[in-house]
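Structural overview for review
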Amino acid sequence: MRRLLFTFLFFLVCFLNAQTKVSGIVIDGTGEPVAFANVFFKSSTEGTITNDNGRFYLESENTYDTLVISFIGYENQEIELVSRVTYEMNIKMEEATEQLNEVVLISGKQSKKNNPAIDILRKIWSKKRENGIRKFKQYAFDKYEKVEFDLNTIDSVLMKRKIFKGLEFIFQDLDTSRITGKTYLPIFLNETFSKVSGDNILNEEKEQVLGNKNSGFDNNQAIIAFVQDLYQNYDIYDNYLKFFDKSFTSPLSRTGIDTYNYALRDSAFIDNKWCYNIVYYPRRKNELTFKGDFWVNDSTWAIKNINLEVTKSANINWVKEIYIEQDFDVMNDSVFLLKRDYMLSDFSFQKKEKSRGVYGKRTTVYDNYDFDIPKPKEFYRKEKNPLDPALIVKGDAFWEKNRLESLNKDEAGIYKLLDTLKTVPKFKSYYNLVSILGSGYVEIDKWNLDIGSVYDVFGFNDAEGPRLRIGARTYFGQNDPWRVEGYGAYGFKDNKFKYGLSGKFLLDKRSRLIVSGGNRRDIEQLGVSLTATNDVLGRSIASSALLTVGANNRLTNINLSALNFEIEPINNLRVGLGSTFRTLSSALPNDFSLDYIDAESPNGISSEIRQFDVNAILIYTPGKRTIGYGVERRDVNDTYSTLILNYTRGVEGPLDSDFNYNKLQFSYSQPWQLGGFGRLLSTVELGKTFGEVPLGLLSVVPGNQTFFTNYGTFPNLDFYEFVTDTYASVHLEHNFNGRLFSRIPWLRKLNLREIIGLRGVWGDLSDENIALSAPATVNTPLRAPSETIYYEYSVGVGNIFKVFRIDFNFRGNYLDSPNARPFGVTGTFGFNF
C-alpha cells in the first residue's frame, strides 16, 4: 500500500516568495565540470555545493547582489547578480596562483595523514556523547513536524495531458525548489505535534503525539502510517543513518575516514561562536553515502550546521535525490541543541535530470527544552497507541497555538486545494483506483462493504484445477470496532464449492480485548510453516500456486472452526486463549494419504482426523508501532522483533475428537541493521509434541515447491519430505544492499544487490508416531532429519531492473532422498527502495 501511494501522488496535483534564485554549472579551464565546489551568497551563510556534474541551484528569501564560487586550488569567483533570478550560468574557474598560508589542500582524494579536517573529526568523536541532550540525565522538548509532497518538473506538456483534463486549475500557481531548481506543485501536507521525553540513565524515550492533521484525506491511517514509516528519526552523530530501509554511512561516523574524503575549507564566526567548515565527499561510487559540508565549533566540537546530499550513484531505488539540513542552537557555552531539521527527497522512476517525480519534504522544529526532570520508568511503558487518531485529530485552535513554525501562504493553500479536488469526480476516480491497487478491495460505500481481495480471484491446484474466488468484508470506517469477512470459491476440476466466514469484535479498546471466530471449509496445502497463529481465513500461497516444481498433490480438505479471545495487557504483548475444531482428510486420496491406525474403525484404519484443541499463545513484538484504535490496526514500521510462545492441548472426546496430546512451540524473528554491511533477518523455531498423533497433526518441515522465494521455507524440500514431532530450525538471510557489487567496475552501474541465505533444521520422529501413521507411508514416507542437521544455502541477486530478485538454492545434504532436488531457482518481485 505504501509503495503505491507514490503512484497516487503522481496523479494528484507553495508558492515560496524567494527573492534571489541562481543556477548554472561550474567548469575548469579544460571545460570539465568541477564537482563539490562551494557556492554561496556573499556576506551570508546561505550556500550549497555543486553536484557530480558541476551543476548547482541556490535560492534565498533575501536579496543578494553577489554570488561567490570557491574550490580548493582555484581562485575565488565573485559573480555580480544583476537580476533577482539568474539561471543557466556558466562559471569558469581559474587555477590559483597562490595557496593558503595556513593549510595547503588539494582536490580529489584527500590524505588521511596530516589532514586537519580528520583531526577535527576525531575531536567530534571524542565529544559526541557530551553534546546535545546526551549531556543530561533526563530531557524533554516539543517537536513539530510537517511533511509535504509536491509534484515536480511540471511543464506545458504535462499540463496538457488527458489525465489532467478537468483538473487544470491545480496548475495556476507554481514555484521553484530552492534545492533542485525544479518547478513544483504542493499536493499533500501532514502535520504532527508531539511532546518528547527521555531518560539517558534508563535508556528510555517516549514520544506523545498530541496532534495530527493531513490535507484532504480525513486523516487516512494508511497515509499517516506511510509518512511515519517513510520519515523516521535519525541522529547525525550515529555511525549510520537509516533512510528508506537503507543504512547510509554518516559523515561523522568513526568509519567515515575510510568512506569519505574530508577537507578543511573555511572558518568563521557563527552566532558568536568560532566554527570550522569541513567539506566531505565519497571515496567510491555506488555506495550508500553523502556529500556536503558541516560547521563545527572549535571548543565543544559540536555541530552547528550540517548539509547532507545523497550521491546520485548511491544504490537506492525510486529516489533521485535526498538533501538534509540540520541547524543547531547555542543554549550556552557548552551545549548545542537541535533546532531545525529539513529533509527533501525527490522520488522518481528514473534518475535522469529532467525526469518527473514527487518531492517529499519533512521539516521538524524543536523547542521548549527542559532537562533533569526525572519521570518513573512506568511513564515510558504506559502508552498503547501513540498514533491513535481518536486522540490526536485536532482543530484549528490547537494548531494556531502549537505550530512551532507557521505555515506559509502556499502550505496553507494545500488544505484548500485538496478540499476542492475531493469534489471533482475525476479525482475521485483516481483516488479509488489507487485505493483498490493498494488494499486489494473495491469499496461499496452505500453498503459499507468492501469486495475482494482482487489478488485472490484466480488460482490453481491439482485437486481443484482452475479456481475462482470472491470475497467481501464490512467496512464502515478505518477504526471499526467490529468486522465480518468471508469468501466463496469454486473449483472447476472437483466441481465443489468452498467458503470461509469470520468475525472480530473489539470488546474493550483500552485493553484491546478482542473476541474472534469463524469457520472455513476449503482445500489447503498444510505444512508450509512451523509456527502459525490461528487465523481462520489464513491460507498459504502454495495452496493455489499456478506453477510448481514436481507433483503438488499433497493437499488436504480442511473444515476448521475457531473461537479465540485476545488481550493486550502491556503494549506490544498480546495474550490469546482459544479453541479450534477441525476435520482433516486428503484431497487426493490416490496420491496422498492421511490414514492412520484406528482400532475402533471397522477396518482398523481411519482416513479422517477429527480434532478439538485448546490453545494459549503469547506474542511479544518489542519496538512495533501501530496506528488506529479499531479491531484491526495498521503497522507503521517493520524493524521490530517477534517472539511467539504457543501451547496447544489436544483433547480426546469432545465432538468425537480423536487424540490427546500437548504441543509446545517457540519462535523468535529479528531483523538486524548491520550498518554499511546491509540487513540480516534471522529466525529461530523450536517445537515438541508430547503424545501419539498421526501425520495430519505432526510438525512438517516447510518445503517450497513454488517458484516464489518464500522466507521461512526450504526451497529444495518437497511438501511433507520431512515430518517431525520434535524440531529446531534456523533461517538466516542477509542482504548486502550492493556493497560488494559496487566494488566491481563493470557491475557498478547496474545497482544490483547481493543476498545470501543459510537455513537448517534438525528434527526427530518417535517410533510410536511412525507406527500410528503406517497406512499413510505407502505414498508419503515418514522421515525426520535426525541423522544430521538438514541444511540449504543460497546466493541471490536482487534489484534486477529495480523490481526482480533471483535466488539460486543449493541442497547441502540428504541427497539420497527419493526425487531429491540438489538445486533450484526461485524468485520474487516487488517495489523496494
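Note that the structure is a prediction, hence the values are computed from the model and not measured.

Here is what the cut-offs are and how they apply
- Residues numbered from 1 in each chain as written.
- Predicted model: local features only at pLDDT ≥ 70, side-chain atom pairs only at ≥ 80, totals over all residues.
- Heavy atoms only, no water.
- Helix = DSSP H or I, 4+ residues; strand = E, 2+ residues; numbered from the N terminus.
- Buried < 20%, exposed > 50% of the residue type's maximum accessible area, 1.4 Å probe, protein only.
- Areas by Shrake-Rupley, 256 points an atom, 1.4 Å probe, with all protein chains shown as cover.
- Phe/Tyr/Trp six-rings, centres within 6.5 Å; stacked < 30°, edge-to-face > 60°.
- Lys NZ or Arg CZ within 6 Å of the ring centre and 35° of its normal.
- Pairing = 2+ DSSP bridges.
- Axes fitted to C-alpha atoms, helices over the stretch in contact; angles between N-to-C directions.
- Salt bridge = Lys/Arg side-chain N within 4 Å of Asp/Glu carboxyl O.

Looking only at helices and strands, one finds 11 helices and 44 strands in the protein. Looking at the protein as a whole, 55% of its 833 residues qualify as buried. When the accessible surface of the protein is split by element, carbon and sulfur atoms take 55% of a total near 37,400 Å².

Under the criterion given, the structure shown has 33 aromatic pairs. Taking 6.2 Å as the distance between ring centres and 90° as the angle between the ring planes, the aromatic pair formed by Phe243 and Phe290 counts as edge-to-face. Taken together, the residues span a long stretch of sequence, with Phe243 in strand E12 (residues 240–243) and Phe290 in strand E16 (residues 290–297) at a distance of 47 residues. Each member of the pair, Phe243 together with Phe290, is buried. Taken together, a centroid distance of 6.4 Å and an interplanar angle of 10° make the contact between Tyr276 and Trp301 stacked. Of this pair, Tyr276 sits in strand E15 (residues 273–282) while Trp301 is found in the loop between E16 and strand E17 (303–310), placing the two residues 25 residues apart along the sequence. Residue Tyr276 is classed as partly exposed on the basis of its relative accessible area, which comes to 24%. Members of the aromatic cluster, each reached through a chain of ring pairs, are Phe136, Tyr139, Phe141, Tyr366, Tyr369 and Phe371. The ring of Phe379 has Lys206 sitting right over it, with the charged end atom 4.4 Å from the ring centre. For the cation-ring pair, Arg469 lies above Tyr487, with the distance from its terminal atom to the ring centre recorded as 4.2 Å.

The strand order across the open sheet formed by 4 strands is E3-E2-E5-E6, and the pairing between neighbours is antiparallel. In the strand order of this sheet, the two ends are held by strand E3 (47–49) and strand E6 (77–80), each with one partner. Averaged over all pairs of adjacent strands, the angle between their axes in this sheet comes to 20°, without regard to strand direction. Sheet analysis places strand E5 (residues 66–70) next to E6, joined by 4 bridges and oriented antiparallel. Residue Leu67 lies in a different strand from E6, and its bridge partner there is Ile79.

Moving on: the pattern of salt bridges. Enumeration according to the criterion identifies 37 salt bridges in this entry. Residue Glu405 pairs with Arg340 through a salt bridge whose shortest N-O separation is 2.9 Å. Placement of the pair is Glu405 in the loop between helix H7 (396–402) and helix H8 (409–421) and Arg340 in strand E19 (residues 335–348), with a sequence separation of 65 residues. Salt bridges sharing common partners tie together Glu464, Arg467, Asp494, Lys498 and Asp522.

This part is about unusual backbone geometry. Here the phi dihedral of Asn203 falls at roughly 60°; this positive angle occurs in a residue that is not glycine. By secondary structure assignment, the location of Asn203 is in the loop between strand E10 (183–199) and strand E11 (204–214). In the Ramachandran plot, Asn737 falls in the positive-phi region, its phi being about 55° despite a non-glycine side chain. When you line up the elements, Asn737 lands in the loop between strand E40 (726–735) and helix H10 (745–748). Its relative accessible area of 9% is what places Asn737 among the buried residues.

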